[in-house]
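An overview of the molecular structure
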Amino acid sequence: MTQSINQLLHQTSLSQVPQGLSGDLSVNETPLIMHPLSAGFPSPAADYAADGLDLNSYLIQNKPATFMFTVRGESMIVAGIHHGDKVVVDRALKPKHKDIVVAVVNGEYTIKRLYKYKGLIELRPENPDYPNITFSEGHELQIWGVVIGVVRRYSSSSSRV
Amino acid sequence: MSSPNQNSTHAPLFALVDVNNFYVSCERVFAPQLEKTPMVVLSNNDGCAVARSAEVKALGVKMGTPWFQMKDLAKQHGILACSSNYTLYHDMSQRVVEILRQFTPKLEVYSVDESFLQIESVLNAHESPTHLGAEIKQRIKQWTGLPVCVGIAPSKTLAKFANHLAKKNPSFNGVCDLSNMPKQELYQWMSEVSAAEVWGVGRKIAKRLEGMGIHTVLDLVQVSPQMMRLQFGVVIERLCYELRGLSCLALEEVAPPKQQIIASRSFGKLVLSLDELAESVATHTARAAEKLREQESLTSSISVFIQTNVFMRNEPQYSQSIQIPLVHPTDDTLVLTEMAIKGLKEIYKKGFRYKKAGVMLGLMTDKPVVQSSLFEDHQAKGKSLRLMKTLDSINTRYGAQALRVAATGTDQAWKMKSENVSPKYTSHWDQLPVVR
């Protein structure tokens, strides 16, 4: 094939050569198959190949309804949620008694544990320095979503080994 | 026993799901304190209102009103203006579509905030079309925080009309189902809405209809479709049948590939130098090429254009464009950027203050049918393909423009003006909403 193109080129006057060819004559060395073919017995482990661990699928159950927030302050420190943590919030879940939730109070987001019993609704921090938020009857509590996970990255100055 | 074809014997039924004040609603999902604040979202360069909250609509502000024209009103009523945050809107739009697909795979994404669903085959799981509509509305509100209206009818045009009714009349509770509505009531509604509101009736046609004494949707339903065909052609004839409940427009589940891709922007400030223009042209080329690869097409021509600000009458004006044919159809950002910059150098003239630059890709072909030239460098082509795949996947993961051609520059001082843009709440780790 290489030869025939070269022959063709020699027989053709330059004006007939297609434009794309003009600078580069190495084109005719194109290999016909680009992927190597391997013969022999396939790896017995091939059937067991996994895609690895995917943190997204571990943390997220319902993608279109899941959002992330950055936590500021220490109001949930006893629950293990620290300043700077990212929390995973699912809007599709129905908030239950004792769920950690993101709620809207006075137009601001707050993260607290939800207490619902005997008609009383409270948002409780998990830090004795913070007050409970109580909702009297007739006051509507707006819950934005249920916290289903927390992500923290430790900043590390150690170098790679 | 039901016959396997049962579904196909059902007459089609469409639902149009449309997010209310989409851009404004997206902003409010992440800023609950703005729930009652009158607000608008402004177009690129903070030009004019492209979305208005209900409060602003009530003040009589029209779609597309330039911001500088409403500044007094804004002061008086405390109207908040947000720059557009398309990254956020795109993310929210995808969430809505993903939820809608759970109801039926038969779906046409009509625009960023509207989708048509074909629902006759999924109705057996629901009490009635109205119930299905209510469930769609409820789930999207619950899962995304976005309010939607649903219009249900036997044709797409009527579904649009139903959605319009649901939007304008609170009595529908956001779901208007014309398939269950008594004729008398339907005609009553139709007599109250202007024919100009019908999907597909442009301003020109509306004017001609007026002249013929056709004012309301009901007038349009009563006129003979064949007669309308003689007057306006087949498109309006079809529209008349659609309004009568006869579906003529099928769901377009796969958007047809665009025959042209244009990427251009006005600059935030006027630009003088070739270097800055080149940066912007390279950026536009990268975006256009990305869209090209997304729709799996190749282009065989790229055009570049630049222009000064035509509204500044006392400034010297210049505008020029150039089309560069490509020998081998391509979707390679590097090749296209090189060509675009070459073209720009041809048309650039010193001494003008430029307002806008852009590129246009034309003469598309679908990827598989491209005739590969005998003389092409196949090895290089394979490399380019892999490079572009890597480029796109990195930019998808780390945000647009994470990885780009050096010609796009690093300062991008010419970039569009967006003075009050909200954080990218859903796509950037450092911009997530904050909770205390």
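The name recorded for chain B in an unreviewed UniProt entry is DNA polymerase V subunit UmuC, from Polynucleobacter cosmopolitanus. UniProt lists a comment for chain B under the heading Sequence similarities (unreviewed entry), and it reads "Belongs to the DNA polymerase type-Y family."

Chain A has the name Peptidase in an unreviewed UniProt entry, where Polynucleobacter cosmopolitanus is given as its organism.

**What to know about the pattern of salt bridges**
Counted according to the given criterion, the structure contains 15 salt bridges over all chains. Residues A:D99 and A:K96 are paired through a salt bridge, measuring 3.5 Å at the closest nitrogen-oxygen approach. A relative accessible area of 14% means that A:D99 is categorised as buried. With a relative accessible area of 52%, A:K96 lands in the exposed category. B:R28 is paired through a salt bridge with B:E55; the nearest N and O atoms lie 3.1 Å apart. With B:R28 in helix 2 (residues 22-30) and B:E55 in helix 3 (residues 54-58), this pair connects stretches of sequence that are 27 residues apart. Classification of B:E55 as partly exposed rests on a relative accessible area of 26%.

**Points about the sheet that holds strand 4 (residues 108-117) of chain A**
As summarised here, the arrangement of the eight strands in space is 6(A)-5(A)-4(A)-3(A)-7(A)-2(A)-1(A)-13(B), forming an open sheet in which the pairing is mixed. Each edge of the sheet is formed by a strand with only one pairing partner; in this case those strands are strand 6 (133-135) of chain A together with strand 13 (434-435) of chain B. Pairing geometry for strand 2 (residues 86-90) of chain A and strand 7 (residues 142-151) of chain A, over five bridges, is antiparallel. Counterpart to A:V87 in the pairing with strand 7 of chain A is A:V150.

**Overview of the packing of helix 9 (residues 203-211) of chain B against helix 11 (residues 225-232) of chain B**
All names here are of chain B. Two numbers describe how helix 9 lies on helix 11: the axes approach to 13 Å, and their chain directions differ by 120 degrees. Looking at the two axes, helix 9 sits oblique to helix 11. Along this stretch, helix 9 crosses helix 11, giving a crossing that reads as right-handed. Seen from helix 9, the contacting residues are I205, R208 and L209; seen from helix 11, they are M228, Q231 and F232. Classifying every residue of the contact of helix 9 with helix 11 gives four nonpolar, one polar and one charged.

**Concerning the packing of helix 2 of chain B against helix 5 (residues 86-103) of chain B**
Residues and elements named next belong to chain B. The contact between helix 2 and helix 5 brings their axes to 10 Å, and the two run at 90 degrees. Judged by the angle between their axes, helix 2 and helix 5 are roughly perpendicular. Only Y86, L88, Y89, M92 and S93 of helix 5 make contact with helix 2, whose side of the interface consists of F22, Y23, C26, E27, V29 and F30. When grouped by side-chain class, the residues that make up the contact of helix 2 with helix 5 number nine nonpolar, one polar and one charged.

Criteria and cut-off values
- Residues numbered from 1 in each chain as written.
- Chains lettered and ligands numbered in written order.
- Predicted model: local features only at pLDDT ≥ 70, side-chain atom pairs only at ≥ 80, totals over all residues.
- Heavy atoms only, no water.
- UniProt positions renumbered as here; feature names shortened; annotations may be inferred.
- Salt bridge = Lys/Arg side-chain N within 4 Å of Asp/Glu carboxyl O.
- Buried < 20%, exposed > 50% of the residue type's maximum accessible area, 1.4 Å probe, protein only.
- Helix = DSSP H or I, 4+ residues; strand = E, 2+ residues; numbered from the N terminus.
- Pairing = 2+ DSSP bridges.
- Axes fitted to C-alpha atoms, helices over the stretch in contact; angles between N-to-C directions.
- Parallel < 35°, antiparallel > 145°, perpendicular 65-115°, else oblique.
- Left-handed = near helix turned anticlockwise from the far one by under 90°.
- Contact = heavy atoms within 4.5 Å.
- Nonpolar A, V, L, I, M, F, W, Y, C, P; charged D, E, K, R; others polar.

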